[in-house]
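Structure at a glance
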Amino acid sequence: MQLIERQNSPSHSTFQAAEVDEWDAFRLEIREALASLRRHAFAIGMCVLGAVVLATPVMVLRTPNYLGTAQVLLDPRGLNVVSNELVPQPPSADVNDAVIETQSRFLHFDAVLQEVVQRLRLTEDPAYTARPGLVGHIKAMIGLTSPAPPADPVDVASKILGKQTTFQREGKSFVVNLTVRANDPDKAARLATAIGQAFVDDIERRRKEVVVKARDAIGATLKGQSEHVIAAEQAVEKYKREIGVVDQDGRGLNTARVSELNSQLLAARAQTRVAASRVAALEGRSASPTDAAGADTVESTTLSQLRLNLAEVTRQQDNLRATLGPRHPAAVEVEAQVRSLRAAIAKETGRLQSSLRSELAAARNRESALERDLARAEADTSRTNTALVTLRQLEREALAQRSVYEKTLARERELLEQESVGTSNVSLVSASKPDPQSADLQPALVIAAAGLLGLLAGAAGAILVDRRGGRLHSAERLTARTGIPVLGVLPLSRKRLREASETVAVLAGSRASPSARILTRLADYLDEAAERGQVRLLIVSASNGPLSTIIAQNLVLAQAARGRRALLVDGDARSGRLTWMIPRDAQASVMSCTVEGFPPFCATTAGERAAPDAMPERDEGYDCVIIDGGDGQDEVRLRRSASTATAIVLVAEAGVATADGIEDLRAALLSSGDKIAGALFVVSGADPIVPAPARSRPAPQRFALAGDKEALA
């Protein structure tokens, strides 16, 4: 506790800010909170008691609530009634979740709830009728309510029922739990089952409405589509008649005629070539091997037989000429047969040539006729193909109209059948059963929770009350917030301090008390400093009250008891706390004061216009000068006293002093703020305080200056 050993220089600081790490700050906060709880333990207990007292009648007078739970299956896939598979392939999980979430919202729709209200006649149940609350009753009593139009009882009951209804999906399944809260278990079960069934009926009704709406929309377009199909087909037939196109089995006759004429022409040309080759063969003018080969094919049976006979007779003629000679009658007879056969062959050949030439002429005439018919057919086909471009377009339009009409008609018939067939896979899988167990919390648990809530509220209130305005409740927080070290903690009774009027509240009278030990230790340090010269100590309080005056008086008494020449200076004359001891008399500047049981000491008042750097002559000759700076409200006197002081000690009262107040006091000291040696922290306690009467009289100046103890006595 080095209070006095410092340099009176603005650049030298008397303290350093405490370096508190985060863990130390956390522990400080915990200690502060626990201390606040201890200080306000009675108020916290009253909060707990009040919460329990308020919760008890609420639990006694409350209406019990019961839950009814029904399970509804919401399969978003539906049913494929007309397909091979009854259940379709599932879509993605996200789509399923979205569909189930959307359909679950229907449970709170007015259509479902109003149907349940009307079915169960809930408008006659007092629990589902409009009743004014406490605020409404108060407004009605003082006449602040205005007449409102009567509300629909069904709407009121459905809104109340909607607030009592909740739903929750079981994991990723298609099952939704529908829960209804009511004041009776049977009613809760009945409501849950009724809402589930009404929901299923509403889903089916909505499905039918959608089907009927779609079928009506499709039916409205069927008549127009039918007219379009008829018009398109009539246009096709009309155009066919205009261009003269007749179809048979889907093929145009013009194309068939051209193909047939081509085939006939090819056959006629082949016949012409065959006939020409036969004529050439008979005439012996074949120009090709094909015609020569064809010569064998033109001979008739008669001609062949004649040629065989001629060959035989010619052979016999040759034999006879060789054996009998050419003049032999047999040879002459055979020669006559040869001439006869040759004449018959020539005649038959001429007949065949005439016949073949007639056939060749007929074949050529037929070929020419076919070529002319083919040319006419090709010309007709070319003209028809040009017209068929438009015909095919008309046919495509008619086909498109017919296809759309057939599909629409088939869909309309399907919807007509689906109207009476349920395809939605939504059903009430489990009806609700009455549960006699109440859904409310147990009374003991509610009362315990109320007590805990009161405890938390009281604890929070206590901590907030202690922290309001940045008030300081511990020496550690004072050091952490301001950086000023605490010289000691004085556990004093505030009531007894304030009762010490026109007496000196002696703290150093008993060394057994912590306050007396701290002041004694402070006096020891003053003695050590006094060995090196006069000590001027300024005591300033960081809060309103007589603390600085009491500390200054006790330090002066301690110095006087040690045989030191001590002077008490009233640096806060505006407060008037030492007026009874040091009268405001200009002729008596120094007073000799005597406290019962202690040696005398001197006291005076700080001058109002003395130069701040000039030591008043009346302060000379004293070992220790203790200046009571009060609460620092008179900043002029405070700065003057601080400029002549060797050290400054602050006095902070727990729960009254604030960190901002201490910083303001430090700012008021200007450059003298570096002289602050530490602070004395006063807390509520029971250290003994002995009120000692005191008397004072003007002291002769020579005695004050000489410091003669006997003269002072």
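Within each chain, residues carry numbers counting from 1 in the order of the written sequence. Where totals are concerned, whole chains, interfaces and linings use all residues; where local detail is concerned, this predicted model gives features only for residues with pLDDT of at least 70, and gives and counts side-chain atom pairs only at 80 or more. Only heavy atoms go into the side-chain values, all of them from the structure, while hydrogens and water stay out.

Re the pattern of salt bridges
- Basic side-chain nitrogens of Lys or Arg form a salt bridge, by our definition, when they fall within 4 Å of a carboxyl oxygen of Asp or Glu. In the structure shown here, the tally under the stated rule is 18 salt bridges.
- Close ionic contact of R205 with D202 constitutes a salt bridge, the shortest N to O distance being 2.6 Å. On the criterion of helical spacing, the pair formed by R205 and D202 is a turn pair, its members being three residues apart in helix α7 (residues 185-243).
- Only protein chains enter the area calculation, which uses a 1.4 Å probe; residues under 20% of their type maximum are buried, those over 50% are exposed, and those in between are partly exposed. Using a relative accessible area of 34% as the deciding quantity, one classes R205 as partly exposed.
- Each of E115, R119, D201, D202, R205 and R206 takes part in a single network of salt bridges with overlapping partners. Strands here are runs of E lasting at least two residues and helices are runs of H or I lasting at least four, both read from the DSSP assignment and numbered beginning at the N terminus.

Considerations on the pairing of strand β1 (residues 66-75)
- In terms of residue burial, β1 counts as a mostly covered element, since seven of its 10 residues are buried.
- At least two bridges found by DSSP between two strands is the condition for calling them paired. Bridge count between β1 and strand β3 (residues 175-182): eight bridges; the pairing is antiparallel. Within β3, the residue paired with A70 across the bridge is L178.
- Relative to strand β6 (residues 425-430), β1 runs antiparallel, the two sharing five bridges. When the bridges of β6 are listed, Q71 appears paired with S430.

Regarding a nonpolar patch on the surface
- Patches in this entry comprise residues that are over 30% relatively accessible and not in a salt bridge; like charges within 9 Å are linked, as are nonpolar side chains (Val, Leu, Ile, Met, Phe, Trp, Tyr) within 5 Å. Each accessible area is a Shrake-Rupley result for a 1.4 Å probe, and residues are judged covered by the shown protein chains and nothing else. A cluster of nonpolar side chains, contributed by W23, F26, I30 and L34, occupies part of the molecular surface with about 420 Å² of accessible area.
- Tracing the chain through its elements places I30 in helix α1 (residues 22-39).
- You can call I30 partly exposed: its relative accessible area is 40%.

As for the packing of helix α4 (residues 110-120) against α7
- Axis lines are fitted through C-alpha atoms, for helices just across the contact stretch, and the angle between N-to-C directions can take any value from 0 to 180 degrees. For the pair α4 and α7, interaxial distance at closest approach is 9 Å and the crossing angle is 125°. The angle between the axes of α4 and α7 places the two elements in the oblique class. Where α4 crosses over α7, the handedness of that crossing is right-handed. Residue-level contacts link A111, V112, L113, E115, V116, R119 and L120 of α4 to R190, L191, A194, I195, Q197, A198, F199, D201, D202, R205 and R206 of α7.
- Classification convention: Asp, Glu, Lys, Arg as charged; Ala, Val, Leu, Ile, Met, Phe, Trp, Tyr, Cys, Pro as nonpolar; all other residues, Gly among them, as polar. Its residues placed into classes, the contact of α4 with α7 shows 10 nonpolar, one polar and seven charged. Any angle between 65 and 115 degrees counts as roughly perpendicular, while under 35 counts as roughly parallel, over 145 as roughly antiparallel, and the rest as oblique. Helix crossings are classified by the rotation of the near helix relative to the far one: an anticlockwise turn of less than a right angle makes the crossing left-handed, while a clockwise turn makes it right-handed. Whether two residues touch is decided by their heavy atoms; if any such pair falls within 4.5 Å, the residues are in contact.

Let's talk about the nonpolar core
- What we call a nonpolar core is a set of buried Ala, Val, Leu, Ile, Met, Phe, Trp, Tyr and Cys residues that are connected through their side-chain atoms within 4.5 Å. With 42 residues, the main nonpolar core has I539, I551, L555, F601 and I626 as its most contacted residues.
- When residues in this core are grouped by element, the largest group, eight residues, is from helix α16 (residues 547-561).
- The next biggest cluster of nonpolar side chains, apart from the first, holds 32 residues, and it includes V117, A157, L178 and V180.

Some details on helix α10 (residues 301-323)
- What a helix is expected to span follows from its residue count: subtract one and scale by 1.5 Å. With 23 residues, α10 should cover 33 Å at 1.5 Å per step; its first-to-last C-alpha distance of 33 Å lies within 8% of that length.
- In this structure, the buried side of α10 is in contact with α11 (329-418).

Topic: the pairing of strand β14 (residues 647-653)
- Along β14, seven of the seven residues are buried, which leaves the element largely enclosed by surrounding structure.
- Covered by surrounding structure in β14 are A647, V649, V651 and E653 together with I648, L650 and A652, the residues of both alternating faces.
- Bridging between strand β9 (residues 535-541) and β14 involves five bridges; their strand directions are parallel. Residue pairing in the sheet places V540 in a bridge with L650 of β14.
- Relative to strand β15 (residues 676-684), β14 is paired through six bridges, and the arrangement is parallel. What sits directly across from E653, in β15, is V682.
- Crossovers are marked right-handed if the path from the first strand over the helix to the second runs clockwise, as seen with the strands pointing away from the viewer. In this region the chain leaves β14, passes through helix α18 (residues 659-668) and returns to the parallel neighbour β15; the handedness of that crossover is right-handed.

Examining α16
- For α16, which comprises 15 residues, the first-to-last C-alpha distance of 21 Å matches the rise-based estimate of 21 Å (1.5 Å per residue) to within 8%.
- Of all 15 residues making up α16, 14 are buried, and the element is well covered by its neighbours.
- Phi turns positive one or two residues past the end of α16, at G563, with a value near 85°.

Points about the environment of A645
- Positionally, A645 belongs in the loop between α17 (635-644) and β14.
- Residue A645 is classed as buried on the basis of its relative accessible area, which comes to 2%.
- For the pair formed by A645 and V625, sequence separation is 20 residues and the distance between their alpha carbons is 8.7 Å.

Description of the confidence of the model for the protein chain
- Scored by pLDDT, the protein chain comes out at a mean of 75, with 78% of its residues at no less than 70.
- Per residue, pLDDT captures the predictor's confidence, and it can take any value from 0 to 100. Below a pLDDT of 50 lies the segment residues 4-20, which in the model reaches 38 contacts outside its immediate sequence neighbourhood of four places, other chains included.
- Low confidence marks residues 701-713, where pLDDT is under 50. Its contacts with residues over four positions away, or in another chain, come to 24 contacts.

Description of the sheet that holds strand β2 (residues 165-169)
- Judged by pairing direction, the sheet is antiparallel, and its four strands sit side by side in the order β2-β3-β1-β6 without closing on themselves. In this open sheet, the two strands that pair with only one neighbour each are β2 and β6. Neighbour-to-neighbour, the strand axes of the sheet open up by a mean angle of 25°, direction not taken into account.
- Against the sheet, α7 contacts β1, β2, β3 and β6, and its axis sits at roughly 20° relative to β1.

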